[in-house]
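# A structural walkthrough
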Amino acid sequence: MTATTPTIVTAADRSSATPAWLLLARMEMIRYALRPTFVLGAGLTLAALLPYLDAGEPVDELSMIAPAALIGLIGITVSAQRVWASDRCADAAGSTPVPMATRTLAHLAACLVPFAVGLTFVAVSYARYLTDPPPPSGYAALMSDGWVLAVWFALGAVSCLGGPVLGVLIARMTNRRAAPILTTVGLVALAIVFQGLFEPLRRIRVFMPWTYWGGPFGIDGDPQRSIVLTGSPYWWVLYLLTLCAVAALMTLRQDRTWRSQRNRTAFTALLVTAVITCLLAMWTGTPDTIINPLTGDGTSWGG
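Okay, the nonpolar core next. Ranked by size, the top nonpolar core spans 53 residues in total, and within it Met-64, Trp-147, Trp-152 and Trp-236 carry the most contacts. Looking at this core, the elements with two or more residues in it are α4 (65-93), α6 (112-131), α7 (145-173), β2 (227-228), α9 (233-252) and α10 (261-283). Among the elements that line this core, the one with the most residues is α7, at 14 residues. Leaving out residues up to four positions away in the same chain, Met-64 has contacts with Phe-121, Val-122, Ser-125, Trp-152, Leu-155, Gly-156 and Trp-210. Counting nine residues, the second-largest nonpolar core is a separate cluster that includes Phe-38, Ala-42, Val-113 and Val-117.

Counted according to the given criterion, the structure contains six salt bridges. For Arg-103, the salt bridge identified is with Asp-87, shortest N-O distance 3.2 Å. Of the two residues, Arg-103 is situated in helix α5 (residues 100-110) and Asp-87 in helix α4; the sequence distance between them amounts to 16 residues. Grouping residues by exposure puts Arg-103 and Asp-87 together as buried. Of the charged contacts, one joins Asp-222 and Arg-225 as a salt bridge, the two residues approaching to 2.7 Å between their closest N and O atoms. The residues Asp-222 and Arg-225 share a single accessibility class, namely buried. Residues joined by salt bridges that share partners form a network here, namely Glu-28, Arg-31 and Arg-82.

Looking now at the confidence of the model for the chain. In the predicted model, the chain carries a mean pLDDT of 88, and the fraction of residues at 70 or more is 89%. Counting interchain partners and residues more than four positions distant, the pLDDT-below-50 stretch residues 4-15 has three contacts.

Let us look at the packing of aromatic side chains. Within this structure, the stated rule accounts for 11 aromatic pairs. On the basis of an interplanar angle of 70° and a centroid distance of 5.2 Å, the ring pair of Tyr-32 and Phe-38 is categorised as edge-to-face. Assessed through its relative accessible area of 3%, Tyr-32 is described here as buried. The interplanar angle of 85° and the centroid separation of 4.9 Å between the aromatic rings of Phe-194 and Phe-207 together place this pair among those described as edge-to-face.

The subject of this paragraph is the side chain of Ser-79. On the secondary structure map, Ser-79 appears in helix α4. On the basis of relative accessible area, Ser-79 is assigned to the buried category, the value being 2%. Discounting residues that sit within four places of it in the chain, Ser-79 has contacts with Tyr-32, Cys-111, Pro-164, Gly-167 and Val-168.

The strand order β1-β2-β3 describes an open sheet built from three strands, whose pairing is antiparallel. Single-partner strands in this sheet number two, and they are β1 (214-215) and β3 (290-291). As defined by bridge partners, β1 adjoins β2 across two bridges and the pair is classed as antiparallel. Each residue of the ladder has a partner; that of Gly-215, found in β2, is Ile-227.

Before going further, it helps to examine the packing of helix α2 (residues 20-33) against α5. Running from amino to carboxyl end, α2 crosses α5 at an angle of 45°, the nearest separation of the two axes being 8 Å. With respect to their mutual orientation, α2 and α5 come out oblique. Like other packed secondary-structure pairs, α2 and α5 cross with a definite hand, here right-handed. Contacts between α2 and α5 involve Ala-20, Trp-21, Leu-24, Ala-25, Glu-28, Met-29 and Tyr-32 from the former and Thr-102, Arg-103, Leu-105, Ala-106, His-107, Ala-109 and Ala-110 from the latter. Of the residues that constitute the contact of α2 with α5, the class distribution is 10 nonpolar, two polar and two charged.

Thresholds applied
In this numbering scheme, every chain counts its residues from 1 along its sequence in written order. With the structure being a predicted model, the display of local features is reserved for residues of pLDDT at least 70 and the display and counting of side-chain atom pairs for 80 or more, all residues being used for whole-chain, interface and lining totals. Heavy atoms throughout the structure, all of them, feed into the side-chain values; hydrogens and water do not. What is meant by a nonpolar core is a set of buried Ala, Val, Leu, Ile, Met, Phe, Trp, Tyr and Cys residues, joined one to another through side-chain atoms within 4.5 Å. Think of it in three bands: residues with accessible area under 20% of the maximum for their type are buried, residues over 50% are exposed, and the middle band is partly exposed, with areas taken using a 1.4 Å probe on protein chains only. Helix and strand definitions follow DSSP, with helices as H or I runs of at least four residues and strands as E runs of at least two, each counted in order from the N terminus. We call two residues contacting when some pair of their heavy atoms lies within 4.5 Å. By salt bridge we mean one thing: a side-chain nitrogen of Lys or Arg within 4 Å of a carboxyl oxygen of Asp or Glu. A score between 0 and 100, pLDDT records how confident the predictor is in each residue. In summary, the pairing rule links any two rings of Phe, Tyr or Trp, Trp by its six-membered ring, whose centres are within 6.5 Å, and it sorts them by plane angle into stacked for under 30 degrees, edge-to-face for over 60 and tilted for everything else. Two strands are said to pair when DSSP picks up at least two bridges between them. Here, axes are lines fitted to C-alpha atoms. For helices the fit covers the stretch in contact, and angles between N-to-C directions go from 0 to 180 degrees. Put simply, angles under 35 degrees are roughly parallel, angles over 145 are roughly antiparallel, angles from 65 to 115 are roughly perpendicular, and the rest are oblique. Helix crossings are classified by the rotation of the near helix relative to the far one: an anticlockwise turn of less than a right angle makes the crossing left-handed, while a clockwise turn makes it right-handed. Under the grouping applied here, Gly and all other residues not named as nonpolar or charged are polar, the nonpolar ones being Ala, Val, Leu, Ile, Met, Phe, Trp, Tyr, Cys and Pro and the charged ones Asp, Glu, Lys and Arg.

Listed below in structure tokens is the structure:
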């Protein structure tokens with residue numbers, strides 16, 4: 001009988017079997033989570049949930065501004081700065097075995113950290129919404145729970161993913177330090193214009209990554225009356241996730257090794273999907289503005 005020699009697997013063997021981008025992604029996730037700007041934004045975002053511990057304070061769509069602004073918008077600059085810092089280290093090291101595409105993939109994976117915080121915020125808010133339904137005078141009382149979840153997931157969670165991904169893309173396309181800030185200001189300005197306050201723009205507002213789906217926008221004779229805006233938030237969620245995928249692939253294609261015919265085809269397919277889902281978000285779902293029959297009291301957005 002031949003004796004079998006046991007195989008000893010060391011930590012180094014396991015590490016060598018792990019893809020380089022995954023090892024680097026873990027490092028970048030930790031670095032992102034420890035960034036002071038992100039820690040502050042995440043802390044303030046979660047602190048924004050404290051008022052809703054009061055049973056008399058209904059949770060609403062307006063609360064989704066906290067993660068979108070403090071994690072999503074700020075994440076544009078945080079991600080860009082992380083990429084630039086990583087590139088400076090790579091340049092200082094001289095010839096490095098880690099190609100740019102691998103580092104880019106790791107930075108994109110790190111965007112899951114802010115997304116997780118945004119997802120937590122939405123989950124807690126939605127649980128609060130289910131236990132304490134919105135007031136009947138609010139706009140959410142007119143729609144299904146699934147409709148509300150789709151809107152909140154897009155506004156509060158996907159925004160925390162899209163902002164950081166956009167930051168990685170900006171850093172890969174330019175070294176101008178003002179670019180993330182200027183992009184953030186531009187997005188805020190566009191969001192103000194296309195938030196749904198201007199009736200002629202309500203149908204096309206869904207091309208924006210952040211917009212309202214209802215609220216006390218008022219009608220003639222009742223400036224606080226709640227209404228539901230047109231469109232489908234379900235298709236809008238798919239549109240926003242597709243935009244994130246488009247930005248991610250565009251970022252990776254900044255490295256010439258990713259400019260293959262296969263990736264070009266995938267990129268084109270994603271662009272077509274983004275256009276289709278955006279149009280479906282515009283023209284399906286709620287066909288016309290829905291007006292709550294109850295008089296608005298202006299105390300809450302009601303969902």
